Amino acid sequence: MRKEFKFLPIIEVFSVITSLFLIIIYLLSFLGFNLENIFGNLGDGVFNHYVLEHGYQFLLGNQPDFWKGNFFFPVPLFTMAFSDNHAGTLPIFAFFRVVGYDSYTAYQLWMIALFAINFLAAYFTLRRLMKYQLVASIVGGLFFTLALPVMAKLGHIQLIPRFFLPFIFFSFFQFLARKNIVYLGYTALFIALQYAIGIYMAIFSVEIIVIMAVAYIAIHRLKVKDFFAQSSRDLKKFSVLTFISLVIIVPLLLPYLQISAEYHGRSWSELLTMMPQLGSWFYSTLSPVYPWLSGIGSGLPMAQEHELFVGFIPILLLLFALIGVYKRTEVPSERGLFALTIFLTVLLVGKIGVFALHFFFYQLPGFSSIRAVTRIVIALLFLLAIVISHFLSNFEGKRRWLLLALLSLLIAGEQFVPAGKVGTYSKEEAKLVVRKVIETVQPILQEGEQFFFIPEKMNYPFYVYQLASMQAALEMGVHTVNGYSGFTPHYYSEDIVSFRGSTPAIARELQKYLNFYNQEGSVKSPIVIIKGSEVIKLMPTQEMVSDQLRPVRQYEYDVQFLQKPQSINEDSYEIKIRLSNPGSEVWHSGERGRFGLKLSYTIENANGVKENKIMLPHDINHGAGEEIILNITPLAKGENKISIDLIQRDTGLFHARQIRFSEMSGKKFSTVLNRF
């Protein structure tokens, strides 16, 4: 049974310190005991490093605006809101910089600190607030901090800071159990703080507590009005807490609202590829205990986003708790409620065909910006940690310590990942790429000029050079037209992004981009394009280029299937459609730059989901149509579902408004035709 304690004895302090020591040693087995490596890759890993260093330079006064990075010059938008901003954890990084570490080492220490704080937050909540037994709280805290899904997401280090999640779920449970609105105020406060340290987890926590509330009300057969009987004193406290929450979250939210208004959210078809399927919950490439689980990923789209396996023992303990809920032996305990919340969340975010209950959350403001819904498992880990801690805390009998130790070791063994399994990149290699950009650009660049760097040889993927140029510009104290982030600005074409084509051809694309963002004549100095010894200087003008188009505002289209799927070879098919424009506006091809249209078609079958995008062959006038042949490979035995849509660059997809289904006879094909 659990016992409350009034002070921390020596053994408890020792246990916590030992746990932190083990966490650090475990992480160093990947990073190197001399800190040679960094979690992630030369893409997302470097970007998150840039964001932190930009924030630190802002604190020093070397960057004039926290929300405007020195990349994608001369975009006037809040470019730091193109992705996570790390505002809440910036003080941790800044501390390591202030005490003398270089930017790269401070980044590594920042990572280690995040894991340590995650553990302390989870342990404190389980032990101090929920009064679980010491060992049970440590096991639960370590599970929350280092579980397999966490280690699988280290390439997206922005998901790791989660230390306000335990307080969100605890305070909301207290609100439900006590029906005291003050705890709802604390929930709002902790959500705002979590938003400051990690946007994904904050949004997912809202989704989870909504599900928790529905589950609690249903279990106890309550009515919403049961929560409204509040004292004036509690209402005042709630108002103060809510006000503080708004003070924290509004300044962080406004830049993202600007970006959302400019670029809109993710498409539903894009989200479908990253919604959990049944196999997702048993897929892992990291587990040495169950190596055969790695084969499950062959049937999953975007498999790297589907590593959700939490271990068979936690799953078994979850099933025990759910059985207790079914038999009503777990009501109203927190274990029963949290187990039911996990189960309902799994159902909600799971996908069956093109159907997913998450669609209802997708309609809410902010939720459409969340692309990888599978990442919700990182937030659910604390609820599962509660289930584990509750179970371990309730062992009874003479052998309870033996059982407790044995089960704790089995849980730890399932979660263990050997060195070399987690992706890292070399710190020295990252420095070298940046150094080469600086050595190329600095001798050429004159005072007041900004640059666009093009690599002479593509020894790395294009994004490595884009990010290295961003870091180089930060070190040099200048701006760069280079950039890589969650969004790309208008007219920042694929040729610019991937350095495709000759230098003069890229220069022509850059001229359009620069002119578009120079309508007020704010750019006074030339932009220097540098590719080795090849140098081109561009002076942005205020001249509008011919293909600066207006967005389409009439979101209707018609699709006719002109033939049954035709076999090209053994496993390849094509189908001819007629795409018609029933509106009064011209559809401009995606080749025409901003607001151009592309045709998107998604093939969904037993093999998973594959999305394809093709340019319209040319502009389509209002009232006109065009016959288009689609390659619909790969197909699978049984039903193959095709979803047709149009994408308007920089505004989103057409199908967000309405979906209808029609059957196509012949080969068990069903087609999803969308219109808005």
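Whatever comes next refers back to the structure up there.
Residues numbered from 1 in each chain as written. Predicted model: local features only at pLDDT ≥ 70, side-chain atom pairs only at ≥ 80, totals over all residues. Heavy atoms only, no water.

J.: Before we move on, could you go through the side chain of threonine 374 and cite the residues and values that matter?
T.: Positionally, threonine 374 belongs in the loop between helix H14 (359-362) and helix H15 (376-393). Excluding residues within four positions of it along the chain, threonine 374 makes contact with Met274, Met275, Pro276, Glu305, His306 and Leu308. (Helix = DSSP H or I, 4+ residues; strand = E, 2+ residues; numbered from the N terminus. Contact = heavy atoms within 4.5 Å.)

J.: For helix H12 (residues 312-326), give the residues involved together with the corresponding values.
T.: With 15 residues, H12 should reach 21 Å at 1.5 Å per residue; the first-to-last C-alpha distance of 21 Å fits that figure. Looking at H12, one finds that the buried residues are Ile313, Pro314, Leu317, Leu318, Ala321, Leu322, Gly324 and Val325. Residues of H12 that are buried sit in contact with helix H5 (134-146), helix H13 (334-349), H15 and helix H16 (400-415). (Expected span 1.5 Å × (residues − 1). Buried < 20%, exposed > 50% of the residue type's maximum accessible area, 1.4 Å probe, protein only.)

J.: Before we move on, can you summarise the environment of isoleucine 632 with the specific residues and values?
T.: With respect to the helices, strands and loops of the structure, isoleucine 632 is situated in the loop between strand S11 (625-631) and strand S12 (640-648). On the basis of relative accessibility, which here comes to 0%, the residue isoleucine 632 falls in the buried class. Spatially, the C-alpha atom of isoleucine 632 lies 8.3 Å from that of proline 565, the residues being 67 residues apart in sequence.

J.: Give me the sheet that holds strand S5 (residues 534-538): which residues, what numbers.
T.: Spatial ordering of the open sheet is given by S3-S4-S5, a layout of three strands whose pairing is mixed. With partners counted over all chains shown, the strands left at the sheet margins are strand S3 (450-453) and S5, one partner each. When strand polarity is set aside, the average angle formed by the axes of neighbouring strands in this sheet is 25°. Sheet topology places S3 next to strand S4 (residues 527-531); four bridges connect them, and they run parallel. Note on S4: the bridge partner recorded for phenylalanine 451 is valine 528. (Pairing = 2+ DSSP bridges. Axes fitted to C-alpha atoms, helices over the stretch in contact; angles between N-to-C directions.)

J.: Break down the nonpolar core for me, citing the residues and quoting the values.
T.: Soluble globular proteins: nonpolar side chains tend toward being buried together. Ranked by internal contacts, the top residues of the largest apolar core, which has 188 residues, are Phe452 and Tyr513. Per element, the largest residue contribution to this core is 16 residues, and it comes from helix H4 (residues 103-129). Setting aside chain neighbours within four positions, we find tyrosine 513 in contact with Phe72, Phe73, Pro74, Val75, Val481, Pro489, His490, Tyr491, Tyr492 and Ile496. Ranked by size, the runner-up nonpolar core spans 19 residues in total, among them Tyr573, Ile577, Tyr601 and Ile644. (Core = buried A, V, L, I, M, F, W, Y, C linked by side-chain atoms within 4.5 Å.)

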